[in-house]
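Coordinate analysis (summary)
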There are 2 protein chains.
Amino acid sequence: MERVISIPKPTLERLPLYYRRLLQWREEKVSIVSSADIGKNLGIDSAQVRRDLTYFGAVGRPGIGYKVEELISYLGELLGINNVNEAIIVGVGNLGRAICSYPGFAPYGLSIVAFFDIDPQIVGTKIRGHEVFHVNDLIHIVKRLKIQIGIITVPAREAQKVADQMVAGGIRAIWNFAPTRLHVPEEVIIRSEDLAVGLATLSHYLVREDLSERAEGLDRGISGS
Amino acid sequence: MERVISIPKPTLERLPLYYRRLLQWREEKVSIVSSADIGKNLGIDSAQVRRDLTYFGAVGRPGIGYKVEELISYLGELLGINNVNEAIIVGVGNLGRAICSYPGFAPYGLSIVAFFDIDPQIVGTKIRGHEVFHVNDLIHIVKRLKIQIGIITVPAREAQKVADQMVAGGIRAIWNFAPTRLHVPEEVIIRSEDLAVGLATLSHYLVREDLSERAEGLDRGISGS
DNA sequence: TAGATTGTTAATCGATTAACAATC
DNA sequence: TAGATTGTTAATCGATTAACAATC
């Protein structure tokens, strides 16, 4: 399955961070950076940075560093950013709207070309100049426009149904914001952004800290620090 | 630093998934589940599930499985869900509003008790019955209410300033949705939800697939499958 | 040349999985 | 008891970090 060169997932999640920081450096007219610069800035080991950047072949110069411009287009290529990524979004409540107008996407060439909802109050209205279609038209429209990316921002209980229709329309990657697990054919890529996971882990750390305060008190005599 | 019992991060991100699925089972009147049930449902190895569930001591019965009810309260405790988590949110654009009304949080006891913004058009209005305050009042209000969690949904360039004020007010955990890295004292917990990372990885996989199609063609003679 | 920094190899660290004795 | 499933140990796998020769 995982054929050809395959990048470790953690690396893949760091590349966009490098990319974004590089855009900022370009803005600031910085033309060359070292792996140490990048690492210090993002809190990542410099060896890790070099490692990450060489998965598809080298791009830096020993003794010099990385040309910001070069690295940007290299990473852009790698991340598929240089392409235009056309997507549809299903569910135009607050979350859907927030995603449509999320400024962080600006550099990533995401273009949301059609909006869908099921609420008759919303279907037929316009969002950012685009008409909102009924979900029933999804398969048809997706096929016609050959859309590859589908974004799901509907309630959890609707999500699977929507995913099924996306798959039927030929969508190859689903970005799911509904708090539920989706079942799709294995050739379809799924990425779920599960906000509850974020909240729960944060909340867990708070609890942990409370517990560990006592423990640290007992501990201090032994381990110092 | 990482004192007392410490759970691996990947485990910590799976616990909320278990928790959510268990709530669903309870709803369906299922009273006992096995690690195999949980695993199959979430696409996780059953040994992994057992491992994850024993980091704070055992809860299952050999030969039987796990009592849904017991496991729910066990995980709830672990994740700090049984507490009420009071939070403030800064930035009440679409994303802020989406988070406030995100249904996935329902089980997690998150209570957003104050809203802040800087836009004079918005300050003073009400959201879900709560007045929106000016960011200038943040430190004062956070101190008075002894809030521990701050949610940042402002544009990237404002985020650090907001984080500084949260820290000054005594907030201990920050949930950051702005696409930028925040610098805070090390005792403050930060979790960043970086949507651009999600988008970029998704887009990357699409590109990879396109490339690998060719490669697979060449490959097939050798490795079959 | 001397100093800096890469790309890469080897060593370390941490997480996942397999296997199985203990237990219901 | 026989069958099922846990909790845990040991083996495997994968990612991070340290170290350094090669290169500018």
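One can find the structure itself at the top, above this paragraph.
Residues numbered from 1 in each chain as written. Chains lettered and ligands numbered in written order. Predicted model: local features only at pLDDT ≥ 70, side-chain atom pairs only at ≥ 80, totals over all residues. Heavy atoms only, no water.

With respect to the protein's contact with DNA strand D
As a reminder of what qualifies: The cutoff for a nearby residue is simple: one of its non-hydrogen atoms must lie within 4 Å of the molecule or strand. Any pair of N or O atoms that falls within 3.5 Å is considered a polar contact. Within protein, one atom must be able to donate a hydrogen and the other to accept it, and sequence-neighbouring residues count only if both atoms are side-chain atoms. Only DSSP runs of H or I with at least four residues qualify as helices, and only runs of E with at least two residues qualify as strands; both kinds are numbered from the N terminus onward.
Within the structure, DNA strand D sits among 24 residues, and B:Ser35, B:Arg51, B:Gly60, B:Gly63 and B:Tyr66 are positioned closest to it. Sugar plus phosphate: this is where 65% of the atoms of DNA strand D within 4 Å of the protein reside. At 3.4 Å, a backbone N or O of A:Pro62 approaches a sugar or linking oxygen of DNA strand D. The contact in question runs from a phosphate oxygen of DNA strand D to an N or O atom on the backbone of B:Gly60, over 2.7 Å. Of all the secondary structure elements, the ones that give two or more residues to the surface near DNA strand D are α1 (9-27) and α3 (46-53) of chain A together with α3 (46-53) of chain B. The greatest single-element share of the surface near DNA strand D, amounting to four residues, is contributed by α3(A).

Observations concerning the sheet that holds strand β3 (residues 85-90) of chain A
What counts here: Should DSSP find at least two bridges between two strands, the strands are taken to pair.
The strand order across the open sheet formed by seven strands is β5-β6-β4-β3-β7-β8-β9 (chain A), and the pairing between neighbours is mixed. Among the strands making up the open sheet, the edge pair consists of β5 (126-127) and β9 (189-192) of chain A.

Considerations on the protein's contact with DNA strand C
Near DNA strand C, the surroundings consist of 24 residues, among which A:Ser35, A:Arg51, A:Gly60, A:Gly63 and A:Tyr66 are the closest. In DNA strand C, atoms within 4 Å of the protein come from the sugar-phosphate backbone in 64% of cases. One nitrogen or oxygen atom from the main chain of A:Ser35 is found 2.6 Å from a phosphate oxygen belonging to DNA strand C. The biggest single contributor to the surface near DNA strand C is α3(B), with four residues.

What about the nonpolar core?
Applicable threshold: Throughout, nonpolar core names a set of buried Ala, Val, Leu, Ile, Met, Phe, Trp, Tyr and Cys residues whose side chains join them through atoms within 4.5 Å. Type-normalised accessible area, obtained with a 1.4 Å probe on protein chains alone, sets the label of each residue: buried when under 20%, exposed when over 50%, and partly exposed for intermediate values. Note on contacts: a residue pair qualifies if any of its non-hydrogen atoms lie within 4.5 Å across the two residues.
With 104 residues, the main nonpolar core has A:Tyr18, A:Leu75, A:Ile151, B:Tyr18, B:Leu75 and B:Ile151 as its most contacted residues. In this structure B:Ile151 touches B:Ala87, B:Ile88, B:Ile89, B:Val90, B:Ile99, B:Leu110, B:Ile112, B:Met166, B:Trp175 and B:Phe177, once residues within four positions along its chain are discounted.

Section: the sheet that holds strand β5 (residues 126-127) of chain B
Where strands meet in a sheet, backbone hydrogen bonds hold them as pairs that are either parallel or antiparallel. All names here are of chain B. Selection rule: For helices, the axis comes from a line fit to the C-alpha atoms of the stretch in contact; other axes are also lines fit to C-alpha atoms, and the angle between any two N-to-C directions lies between 0 and 180 degrees.
The strand order across the open sheet formed by seven strands is β5-β6-β4-β3-β7-β8-β9, and the pairing between neighbours is mixed. Each having just a single partner strand, β5 and β9 (189-192) make up the two edges of the open sheet. Sheet topology places β5 next to strand β6 (residues 130-134); two bridges connect them, and they run antiparallel. Bridge assignment links Lys126 to a residue of β6, and that residue is Glu131. Contacts from helix α6 (residues 138-145) reach β3 (85-90), β4 (110-117) and β6 within the one sheet, and its direction differs from that of β3 by about 175°. Its contacts with the sheet place helix α7 (residues 156-169) against β3, β7 (149-152) and β8 (173-176), and it is angled at close to 170° to β7.

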